[in-house]
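# Chain and residue survey
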Amino acid sequence: MQVNEVEAKLIFKCEGVEGIVPVGSYLADASKRLGIRFADRCEPTEKVHHCAIRVVEGEGLLSPPTAAEAEYFEFQSDNFANRLACQARIEEEGELVVMTTESEEKSKEAKESEDPGKEFAKTFADLPLEKKIAQLVNLEAITLGETISFVMNSPFMVFDKVMDVMAEFGMKKEEFQKEAAKPAEHVRKEKKSAGKRSVRVPKPAKPASDETPKE
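Just so you know, these numbers come straight off a predicted model, no measurement behind them.

## Description of the nonpolar core
Counting residues in each nonpolar core, the largest one holds 26 residues, and the members touching the most others are Leu10, Leu27, Leu62, Ile90 and Leu96. For this core, the secondary-structure elements that each account for two or more residues are strand S1 (7-12), helix H1 (27-33), strand S3 (52-57) and strand S5 (95-100).

Shown next, in the form of structure tokens:
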């Protein structure tokens, strides 16, 4: 009489790989069966492991953590992983969802690359004031170059109008740069002088006389 083998469903979340594996298998062996391989072979006697994973769902289906796992994770600064695949054995049927450390790192990199604007904003915020101004000037130069390219390919009727706008932009930019280059002492002095200036109030006009001129 053939006894049906008890099985569990193993899912690797980031890789999108899943399959049925026998209960009693170590996660390391089950991973190889599904085509998931770790960076290198573990050396338990040397306390070297490359199979750290995180169990997202179904941790209760696995054997309790071993002493080797407790010792390994005690000295790990990364709190991502919670089991070693070569030490964790599937003991009950059900569904297991796991993530490898490599797939987690790739997932983080993908999320960061989704919105490069956030990374640029963070980098820009960390710059000192001088470098922020230099960065803005560079961006303005790039924008100006793109504007010139656009103008050269635009109809002549649009050309004059855009050139006027560019000239005004250039004047404002020059004024801004001059103000930004002023010494702080001069800026404070100008502000102080401006505060002392009095507003000249015009004298009220004399009321018109009601008397009629004598003949």
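## A word on the environment of Ser25
Within the secondary structure, Ser25 is located in the loop between strand S2 (17-22) and H1. Once the C-alpha coordinates of Ser25 and Glu7 are considered, the two residues, 18 residues apart in sequence, prove to be 9.5 Å apart. Within the structure, Ser25 has its side chain in polar contact with the backbone oxygen of Pro22 (distance 2.8 Å).

## A word on the packing of aromatic side chains
Given two aromatic rings, one states the distance between the centres and the angle between the planes to describe the pair. Under the criterion given, the structure shown has one aromatic pair. A ring pair is formed by Tyr72 and Phe73, whose centres lie 5.2 Å apart and whose planes are at 85°; its orientation type is edge-to-face. We classify Tyr72 as buried; its relative accessible area is 18%. On the basis of relative accessibility, which here comes to 21%, the residue Phe73 falls in the partly exposed class.

## Re the pairing of S2
As judged from the six bridges shared by S1 and S2, these two strands associate in the antiparallel manner. Bridging from a neighbouring strand, Ala8 pairs with Val21 of S2. In sequence, S1 turns back onto S2 through a hairpin of four residues, with Gly16 there showing a positive phi of about 70°.

## Concerning a nonpolar patch on the surface
On the surface, a nonpolar cluster with roughly 240 Å² of combined accessible area is contributed by Leu129, Ile133 and Val137. Here Leu129 is to be found in helix H5 (residues 129-152). Its relative accessible area of 58% is what places Leu129 among the exposed residues.

Cut-off values and rules
- Residues numbered from 1 in each chain as written.
- Predicted model: local features only at pLDDT ≥ 70, side-chain atom pairs only at ≥ 80, totals over all residues.
- Heavy atoms only, no water.
- Core = buried A, V, L, I, M, F, W, Y, C linked by side-chain atoms within 4.5 Å.
- Buried < 20%, exposed > 50% of the residue type's maximum accessible area, 1.4 Å probe, protein only.
- Helix = DSSP H or I, 4+ residues; strand = E, 2+ residues; numbered from the N terminus.
- Polar contact = N/O pair within 3.5 Å; in protein donor to acceptor, adjacent residues only side chain to side chain.
- Phe/Tyr/Trp six-rings, centres within 6.5 Å; stacked < 30°, edge-to-face > 60°.
- Pairing = 2+ DSSP bridges.
- Patch = residues over 30% accessible without salt bridge, like charges linked within 9 Å, V, L, I, M, F, W, Y side chains within 5 Å.
- Areas by Shrake-Rupley, 256 points an atom, 1.4 Å probe, with all protein chains shown as cover.
- Salt bridge = Lys/Arg side-chain N within 4 Å of Asp/Glu carboxyl O.

Keep in mind these numbers describe shape, not what the thing actually does.
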